[in-house]
Amino acid sequence: MSEVIFLVDHSAGKITKAAGELATYAKSIGDSVAVVFADNAQPIVDQLNTFPVDKVITIAGEFDKYGPAAIADGLAQLLTDRKPAAVLITSTANGKEIAARASVITGSGIITDAVNVDKDLITTQSVFGGSTTVHATVTKGVPIITLRANSIEATGATSSAAVEIFAATISEAAKLAPITSSTPVVKGGRPDLTEASIVVSGGRGTNGDFKPVEALADALGAAVGASRAATDAGWYPHSNQVGQTGKTVSPQLYVAAGISGAIQHRAGMQTSKTIVAINKDPEAPILEIADFAVVGDLFNVLPQATAQIIARKG
Amino acid sequence: MKIAICIKQVPDSWAEKKMAGGVLDRAGVDAVLNDLDEYAVEEALRIVEANSPTKEAGEGSGHTITLISMGPERATEAIRKALSMGADDAILVTDPSLAGSDALATSLVLSEVIKKGNYDLVLCGTESTDARMSVIPAMISQRLGWAQLTFAGKVAVNPAANTVEIERVTEFGNQVMSAKFPAVLSVVEKINEPRYPSFKGIMAAKKKPITNMSLADTGVGSSDVGSAAAWSNVKEALPRPPRGAGVKLTDEGNGGEKLVEFLVEKRLA
Ligand SMILES: Cc1cc2nc3c(=O)[nH]c(=O)nc-3n(C[C@H](O)[C@H](O)[C@H](O)COP(=O)(O)OP(=O)(O)OC[C@H]3O[C@@H](n4cnc5c(N)ncnc54)[C@H](O)[C@@H]3O)c2cc1C
Ligand SMILES: Nc1ncnc2c1ncn2[C@@H]1O[C@H](COP(=O)(O)O)[C@@H](O)[C@H]1O
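The shown structure was predicted, so the numbers you read here are calculated from the model rather than taken from an experiment.

(A) Main features of the sheet that holds strand β9 (residues 147-158) of chain B. The 10 strands lie next to each other as β12(A)-β11(B)-β10(B)-β9(B)-β12(B)-β8(B)-β1(B)-β6(B)-β7(B)-β13(B), forming an open sheet whose pairing is mixed. Bordering the open sheet on either side are β12 (179-183) of chain A together with β13 (210-213) of chain B, each of which pairs with just one other strand. Mean inter-strand twist for the sheet, computed between neighbouring axes without regard to direction, equals 30°. Alignment of strand β7 (residues 89-93) of chain B against β13(B), held across 4 bridges, turns out to be parallel. Residue pairing across strands places A90(B) opposite I210(B), the latter belonging to β13(B).

(B) How the structure looks around the interface of chain A and chain B. Contact residues are listed per partner, giving 85 residues for chain A and 73 residues for chain B. Taking the shortest distance from any N to any O, the salt bridge between R228(A) and E189(B) comes out at 3.8 Å. If one sorts the elements of the side of chain A that touches chain B by residue count, helix α4 (residues 93-106) of chain A sits on top with 9 residues. Per-class residue counts for the side of chain A that touches chain B are 39 nonpolar, 34 polar and 12 charged.

(C) Structural detail: the environment of T24(A). All names here are of chain A. Checked against the element boundaries, T24 lands in helix α1 (residues 17-29). Expressed as a C-alpha distance, the spacing of T24 and D73, which sit 49 residues apart in the sequence, is 25 Å. Non-local contacts of T24, meaning those with residues more than four positions away in its chain, are made with P52, I152, E153, A154 and T155.

(D) Representation of the packing of aromatic side chains in the model. Scanning the model with the defined rule gives 3 aromatic pairs over all chains in all. Their ring planes at 20° and their centres at 4.4 Å tell us that F210(A) and Y236(A) sit as a pair that is stacked. On the criterion of sequence distance, the pair formed by F210(A) in the loop between β13 (198-202) and α5 (211-220) and Y236(A) in the loop between α6 (228-232) and β15 (253-257) is long-range, its members being 26 residues apart. For Y236(A), a relative accessible area of 12% translates into the label buried. Centre to centre, the rings of F292(A) and F262(B) are 4.6 Å apart; their planes meet at 25°, and the pair counts as stacked. Residue F292(A) is located in strand β17 (residues 292-295), and its partner F262(B) is located in helix α8 (residues 255-265); the two belong to separate chains. Directly above the aromatic system of Y119(B) lies the positively charged group of K2(B), at a separation of 5.0 Å from the ring centroid.

(E) Here's a closer look at the site of ligand 2. Residue and element names in this part refer to chain B. Around ligand 2, a shell composed of 20 residues is seen, among which C6, D37, S128, S134 and V135 lie nearest. Between ligand 2 and the protein, one listed contact pairs an oxygen atom with a side-chain N or O atom of N34 at 3.4 Å. In the complex, 97% of the free accessible area of ligand 2, which totals 480 Å², lies under the protein chains. Those elements that place two or more of their residues in the shell around ligand 2 are β6 (64-70), α3 (103-115), β8 (121-125) and α4 (136-144). Sorting elements by how many residues they give to the shell around ligand 2 places β6 first, with 3 residues.

(F) Fine view of the site of ligand 1. The immediate surroundings of ligand 1 are formed by 28 residues, with R204(A), S227(A), T245(A), S260(A) and N279(A) found nearest. Near ligand 1, residues from chains A and B are present, making the site a shared one. One of the side-chain nitrogen or oxygen atoms of Q241(A) is found 2.8 Å away from an oxygen atom of ligand 1. In the environment of ligand 1, an oxygen atom lies 2.7 Å from a nitrogen or oxygen atom belonging to the side chain of N279(A). Looking at the shell around ligand 1, the elements with two or more residues in it are α6, α7 (263-266) and α9 (298-313) of chain A. Counted by class, the shell around ligand 1 contains 8 nonpolar, 14 polar and 6 charged residues.

(G) Focus on the packing of α3(B) against α4(B). Residue and element names in this part refer to chain B. Running from N to C, α3 and α4 point in directions that differ by 55°, and their axes come no closer than 9 Å. Considering the angle they form, α3 stands oblique to α4. Crossing of α3 over α4 shows right-handed handedness. Residue-level inspection shows A103, L104, T106, S107, L108, L110, S111, I114 and K115 of α3 in contact with α4, the latter providing I136, M139, I140, R143 and L144.

(H) Broad picture of the nonpolar core. Core analysis: the largest hydrophobic core is formed by 45 residues, its most contacted members being L67(B), V155(B) and V164(B). Filtering out sequence-adjacent residues up to four positions away, V164(B) remains in contact with L121(B), L149(B), V155(B), A156(B), V157(B), M177(B), S178(B), A179(B), F181(B), A183(B) and L185(B). One finds I5(A), L7(A), L78(A) and I89(A) within the second-largest nonpolar core, a separate group that totals 36 residues.

(I) Up close: α9(A). Counted at 1.5 Å a residue, the expected span for α9(A) with its 16 residues is 22 Å, and the 22 Å between its end C-alpha atoms agrees. All of the buried residues in α9(A) are L298(A), V301(A), L302(A), A305(A), T306(A) and I309(A). Buried positions in α9(A), seen along its axis, are confined to an arc of 125° and lie on one side of it. Of the exposed residues in α9(A), the ones pointing more than 90 degrees away from its buried face are I310(A) and A311(A). Lining the buried residues of α9(A) we find α5, β15, β16 (274-279) and β17 of chain A together with α8 of chain B. The distance from a side-chain oxygen at the start of α9(A) to the backbone nitrogen of F299(A) is 2.8 Å, and the residue carrying that oxygen is D297(A). Immediately downstream of α9(A), the backbone of G314(A) shows phi near 70°, a positive value.

(J) Molecular detail of the sheet that holds strand β15 (residues 247-250) of chain B. Within the open sheet, the 6 strands sit side by side as β14(A)-β13(A)-β15(A)-β16(A)-β17(A)-β15(B). Their pairing is parallel. Looking at which strands have only one partner, the edges of the open sheet turn out to be β14 (223-226) of chain A together with β15 of chain B. Here the strands of the sheet are splayed against their neighbours by 15° on average, with no regard to which way each runs. Where β16(A) lies against β17(A), 4 bridges are found, and the strand directions are parallel. The partner of A277(A) across the bridge, within β17(A), is A293(A). On the sheet, α5(A) packs against β13, β14 and β15 of chain A and is oriented at approximately 175° with respect to β13(A). On the sheet, α9(A) packs against β15, β16 and β17 of chain A and is oriented at approximately 130° with respect to β16(A).

Rules and cut-offs
Residues numbered from 1 in each chain as written. Chains lettered and ligands numbered in written order. Predicted model: local features only at pLDDT ≥ 70, side-chain atom pairs only at ≥ 80, totals over all residues. Heavy atoms only, no water. Pairing = 2+ DSSP bridges. Helix = DSSP H or I, 4+ residues; strand = E, 2+ residues; numbered from the N terminus. Axes fitted to C-alpha atoms, helices over the stretch in contact; angles between N-to-C directions. Contact = heavy atoms within 4.5 Å. Salt bridge = Lys/Arg side-chain N within 4 Å of Asp/Glu carboxyl O. Nonpolar A, V, L, I, M, F, W, Y, C, P; charged D, E, K, R; others polar. Phe/Tyr/Trp six-rings, centres within 6.5 Å; stacked < 30°, edge-to-face > 60°. Buried < 20%, exposed > 50% of the residue type's maximum accessible area, 1.4 Å probe, protein only. Lys NZ or Arg CZ within 6 Å of the ring centre and 35° of its normal. Near = heavy atom within 4 Å. Polar contact = N/O pair within 3.5 Å; in protein donor to acceptor, adjacent residues only side chain to side chain. Areas by Shrake-Rupley, 256 points an atom, 1.4 Å probe, with all protein chains shown as cover. Parallel < 35°, antiparallel > 145°, perpendicular 65-115°, else oblique. Left-handed = near helix turned anticlockwise from the far one by under 90°. Core = buried A, V, L, I, M, F, W, Y, C linked by side-chain atoms within 4.5 Å. Expected span 1.5 Å × (residues − 1). Arc of directions from axis to C-beta.

Now the structure itself:
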């Protein structure tokens, strides 16, 4: 069977949830081959054992120092060597840049932000703020496909994949912009926005008071998001912004409270499976895409819902 | 310094967009300067102003800002907007054979134009609001073999030392990176507040030169661009089935409870 390589995202020694999702996609197409860029790869390899992984390839080197440009070099060399059926990467800023550079180096076609890829390597993308669904295939080279996090439920497995070491070199051009210092994002107690299966977001309608939004999020075990109006006002950190210039999320459930639903906001959440909106204005555009909408004051609706959920849990 | 900015004209992001024959139907909607590119224009102006004896861009600053765009004839509207903000001149690559080009072809054409200009810095937006790929800056950097300093939330240029340092802002946190000229940068929208063109700026823009280039002028062959050369193939584009008409109710004191009933029914709570 042909190999499908996927790039394992990890930070601070832990793989992201998306790694299991990519393994699941890879396995549905062919033999799933994880590639891990790390000097101390073993702890990362161990975490892959609960996902459908047939083989692991580790690549060591100065990849933390030179970032996506260097990883793209290593990946391109691996592709030339193994000629897999496809490469899957998570659609993050880093992931898309690695995909971009590797596609130029290897002369391969690239598809970004897919929400599905099937066994024939036909991808599904949701474009124009979710109004259009596109099916596409790559026609040249090794298809390089970036997939959005949360677009598939990872299947569990018990695998103990064989580990191979691959030696890659970093070109001089990829060493031109070294990373001189790095500050990782501080993780709070809540789930990560892009990984969460439920997101509760607040907008200008909160008037700066995110407490009811956070309380509902905590009752549901959800991540907290915000509209740009809320992050620009300094009510919530920019890293929590959902939308075109913030994060793209596609959770099982997205709750928008006090958010009008401007096209730039919808661009980041429209692929959510279920959308719930709470808004005072019966004409707010967010209500058009909501599966369930309450026209009312979020300061009444959210606390009542939160209390109800806590009461049900007993 | 010689600075180039890659700008794109895009369909207005507020307008409804449709597909026609596998590609975006651009004719039917208003076109504007990609709003994320305005931040690149503003940042270039600030870099020049900070390093100009007159504290202004333009003649006498000792620096030049050139806009580079690939697109149809009417992309001149977007170019005029960026010129009226303060850029000096522009190059527009227009050619019928470019229609339907993908990111690989676009980055090839832009790189060939950049190579001819002897630039120190190339600035881009982080994404075009129509394609939304966020790949062109990385592709240009790879093709030119220049340093890649992308997703910058802060830029500090030292023209005397020919160096530039940025703070890269991504979902994995922030990183400081630096490089010598020449370098390709992309800037995130939190970096600055783009200025509105002044009346004087708008008048001056009318006289600023826009050089038109055909594909042949760039040196790129027609077999490398356009829909025929595209390395991915759109099989079909369907309007998404409208989300099934949702439930909409007005809160009469029990909106929160109704909401939870819905979540429970959907097994979401
Ligand atoms: C280049 C560019 C990029 C952008 N990127 C993004 C992005 O990534 N993400 C993003 O979100 N936006 C983005 N925007 C901004 C976007 O256009 C909107 O301005 C923004 O989303 C509005 O935020 P909002 O819905 O919170 O505020 P508003 O549009 O002001 O809406 C507030 C809503 O709250 C409701 N409300 C008020 N009080 C209450 C109450 N007590 N109870 C219930 N409802 C109440 C109101 O009826 C209204 O519908 C971008 C804009 C540009 C130009
Ligand atoms: N046709 C084009 N002409 C000039 N610049 C472009 C073009 N397409 C993309 N760019 C630049 O590349 C950035 C990222 O675009 P994209 O990769 O298409 O999301 C944009 O913000 C522009 O700066």
